[in-house]
Every structure is written in structure tokens, then in C-alpha cells.
Amino acid sequence: MNRNRLYLGLVISVILAVIGYVSYEMLNAVREEPYYYVSVIVENSGSDRWNAFKEGLEKGTEGHNIYLNVVSTTEFAGMEEECSLLERELANGADGVIVEMRESEDGDGLFAAAVGDSAVVLVDTAMTLTDPCTTVATDSRALGEALAQAVIKGEGFSGETDGEKTGTEDAGGDLSGVTIGILAGNQKKLSMQQRLQGFEEAVSQAGAEILWCVSEEEREMSAAEAEQRMEEKTPDVVAALSNEELEAAIDFFLENSGLSCKLYGEGRSEKAVYYLDQGLVQALVVPNEYYMGYESASAISRMLEEHNITSEEIETDFVSVTKEEMYGEEAQRILFPIVR
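Computed from a prediction, not measured in an experiment: that's the story for all the values here.

It should be kept in mind that the predicted coordinates are not to be read in detail where pLDDT is low. Of the residues in the protein, 82% have a pLDDT of 70 or more, and the chain-wide mean is 86. Of all secondary-structure elements in the protein, the lowest mean pLDDT belongs to helix α1 (residues 2-32), at 57, while strand β8 (residues 237-240) reaches the highest, 98. This model gives residues 159-172 a pLDDT under 50, and the stretch forms 24 contacts once residues within four places in sequence are excluded.

Okay, structure coming up:
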């Protein structure tokens with residue numbers, strides 16, 4: 001009897017020892033795979049226009065030990081404010097940052113000083129830097145050209161029907177006699193400058209007249225002047241080169257229902273897509289921000305896990321879509337990536 005009790009005690013001791021050893025090894029394994037903290041800084045981070053981007057970020061971190069913190073932001077006043085926020089996040093323990101910079105010029109070295117040798121991925125931002133960073137962005141010039149082609153297709157003349165508009169023209173259509181007003185967005189960003197250049201060149205070559213071109217800064221400084229300009233020089237077409245400009249234009253069109261001009265733009269917010277479906281926006285160029293988020297998270301995960309700061313350019317796609325095309329397979333892939 002005593003021998004059986006002794007044997008049982010030895011068995012229990014061995015089992016407990018095995019459990020203890022396994023638990024210890026599991027804890028060590030967890031310690032050997034540390035989590036990395038990444039701060040995500042984009043302007044107006046609470047806007048629904050970033051929803052697809054955030055979903056892409058989450059998908060891109062799957063299988064990686066990455067904790068994402070999307071920093072709560074509003075509109076940045078300038079480079080100094082954004083760099084101060086970058087510096088704060090890194091000082092508070094962030095191992096890397098994914099950031100959309102409001103300005104492309106770093107003449108004073110504020111950005112370089114803020115990030116130092118940290119892992120950085122620039123989103124939809126081209127910057128003039130001594131030490132380049134990994135960039136994830138669309139081809140901005142091509143996006144501007146795509147918006148121009150949407151205008152040409154929607155408003156151009158074929159040149160084969162004695163000036164009668166057919167509405168079926170593609171690239172190379174005639175915009176002679178068509179006037180255009182441009183809401184150019186933030187022209188302190190090189191990507192927006194390239195977008196404007198691509199758009200202007202394409203519509204000018206098609207024969208359009210550009211009545212006015214207003215940057216985001218000019219529009220916000222004098223909204224009354226912008227409205228007066230619109231009333232005095234009402235174009236046939238208003239082209240908004242960013243989601244923010246498109247939403248501002250939508251509001252203006254809704255408040256002034258008698259406007260005869262057509263609205264085209266870039267964007268992917270719920271508001272932009274809704275008014276495309278309602279027919280107020282004639283065509284929308286939509287960047288693939290889900291893929292942008294996914295590639296940004298994947299890139300910074302590789303940097304942190306491999307302890308290797310890289311510099312590469314990752315290009316993401318976009319789609320040009322009208323109301324009639326928005327439920328096609330390609331448009332659905334970019335417009336509603338989360339549902340798919």
C-alpha cells in the first residue's frame with residue numbers, strides 16, 4: 001500500500017515537472033518574439049476616407065508581431081506641427097511610423113531630425129530627402145491624367161459629327177470650347193503638384209480652357225472669394241483633385257442647385273461614392289487605399305523584424321469609375337474591398 005502511494009506520488013511529481021518545464025519554455029518562446037509598436041499618422045485620421053486604408057493596415061500585420069496605433073489627428077497646420085507629432089510618438093516608444101506628410105519639402109531638416117534612423121514608411125507622399133524612405137503611393141501624374149481622360153470621355157466631342165457631342169469619346173477626344181475650373185488641393189505636396197500637372201496637360205492638349213485653378217490654401221483663406229469666382233467665371237466642368245476638395249465641391253453644388261457645370265474628382269469617402277451613385281459626381285478616380293495600407297504595414301513589418309531599414313518605392317493602383325461602372329468587378333475590388 002505504501003509502495004503504491006509512493007509510486008503515485010512519483011508519477012504526479014513527474015507530471016508537474018513536465019507541465020512546469022513546458023510552461024517555462026512557452027513563456028520563453030513568447031519573450032523571444034517581441035511585439036513592435038507602430039504609430040500611423042495621417043491627416044484627419046477619423047475621416048471615413050481612411051476606412052479602407054485602416055483595413056489594409058490590419059490585414060498587412062497578420063502573421064507579424066505588430067501593434068498599430070492610429071494617432072487621432074485633425075488637419076495639420078504645417079510641417080512643424082506634424083514633425084512634432086512624429087517626434088512625440090517615437091519618444092513615447094513607437095518602433096516605427098507610417099506617415100502621410102502634408103508637405104514634401106524638408107528644407108529645414110525637421111522631418112529628418114524627427115525620425116532619425118527609425119523605420120519609416122511614407123504614404124501617398126513624395127519627399128525631397130537626403131536619405132530616402134520607403135514610399136507607398138499611386139502614380140500621381142497618371143492619376144491626374146486618368147481624371148482628365150474621364151472629363152474628355154464625358155464632355156468631349158468626337159470631331160466626326162460636326163461638333164455634336166456624342167458622350168462616347170475616349171482619350172484623344174476634343175474639348176474645344178469646354179471650360180474647366182480646378183480645385184487643386186494641397187500644392188505643398190509633390191504628389192499633388194504631379195497630379196495637377198498630369199491633369200492640366202491632358203485637358204489642355206484636348207483643347208479645353210482652364211478658367212481658374214485654386215489650391216486648398218487659397219480656397220480656405222477666402223471661401224467668399226472662391227464662391228464669387230465661381231459665380232463670375234462658371235466653368236463647364238469643375239475638377240477636384242483630392243477627396244477633401246471633392247467633398248467641398250459637393251457641398252457647394254448642393255447649396256447652389258442651379259449650377260449648370262459638371263463635377264469630376266478624386267476620392268473614396270462614403271460621401272464621394274454616394275454622390276457618384278446619385279449622379280452629382282460624373283466620374284470618380286479612386287486610389288486603392290486598402291492595398292496602400294496593406295503594403296505599408298507589410299513593409300514596416302519586414303523592416304522591424306529583419307532589423308533592416310530599407311528604401312523602396314511601392315506603387316499602388318487606382319480605378320476611374322462612373323455611376324454606370326461602379327458595380328463592375330474592377331470598381332468593386334477598390335471601392336468595397338472590405339465587403340469582398
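Turning to the packing of aromatic side chains, a few remarks are in order. Taken as a whole and judged by the stated rule, the model has three aromatic pairs. Relative to Phe53, the ring of Trp50 lies with its centre 5.3 Å away and its plane at 65°, an arrangement referred to as edge-to-face. Comparing Trp50 with Phe53, the two get one shared label, buried. When the ring centre of Trp50 is taken as reference, the NZ or CZ atom of Arg49 above it lies at 3.9 Å.

Glancing now at the sheet that holds strand β9 (residues 262-266). Strands in a sheet are paired, the pairing made by backbone hydrogen bonds, and the direction either parallel or antiparallel. If you walk across this open sheet you meet the six strands as β7-β6-β8-β9-β10-β12, and the pairing is mixed. Each of the sheet's edge strands pairs with one partner strand only, and the pair in question is β7 (209-215) and β12 (318-322). Direction aside, neighbouring strands of the sheet carry axes that sit 15° apart on average. In the sheet, strand β6 (residues 179-185) pairs with β8 via four bridges, with the strands oriented parallel. In the strand pairing of β8, Ile182 is matched with Ala239.

Definitions and cut-offs
Along each chain, numbering runs from 1 in the same order as the chain's sequence is written. Only residues with pLDDT of 70 or above have their local features reported here, since the model is predicted, and side-chain atom pairs are shown and tallied only from 80 upward, although totals for entire chains, interfaces and linings are computed over all residues. The side-chain numbers reported here are obtained from all heavy atoms of the structure, hydrogens and water having been left aside. Within a predicted model, pLDDT stands for the predictor's per-residue confidence, ranging from 0 to 100. Helix and strand labels come from DSSP, where a helix needs a run of H or I of at least four residues and a strand needs a run of E of at least two; each type is numbered from the N terminus. Contacts were defined at the residue level, with two residues in contact if any of their heavy atoms lie within 4.5 Å. A pair of aromatic rings is counted whenever rings of Phe, Tyr or Trp (Trp by its six-membered ring) have centres within 6.5 Å, and the orientation is called stacked for planes under 30 degrees apart, edge-to-face for over 60 and tilted otherwise. To sort residues, take the accessible area from a 1.4 Å probe on protein chains only and compare it with the maximum for the residue type: under 20% means buried, over 50% means exposed, and anything in between is partly exposed. By the criterion adopted, a ring carries a charge over it if an Arg CZ or a Lys NZ lies within 6 Å of its centre and within 35 degrees of its normal. Strand pairing follows a simple DSSP-based rule, namely that at least 2 bridges must link the two strands. Fitted lines through C-alpha atoms serve as axes, helices being fitted only where they are in contact, and the angles separating the N-to-C directions of these axes extend from 0 to 180 degrees.

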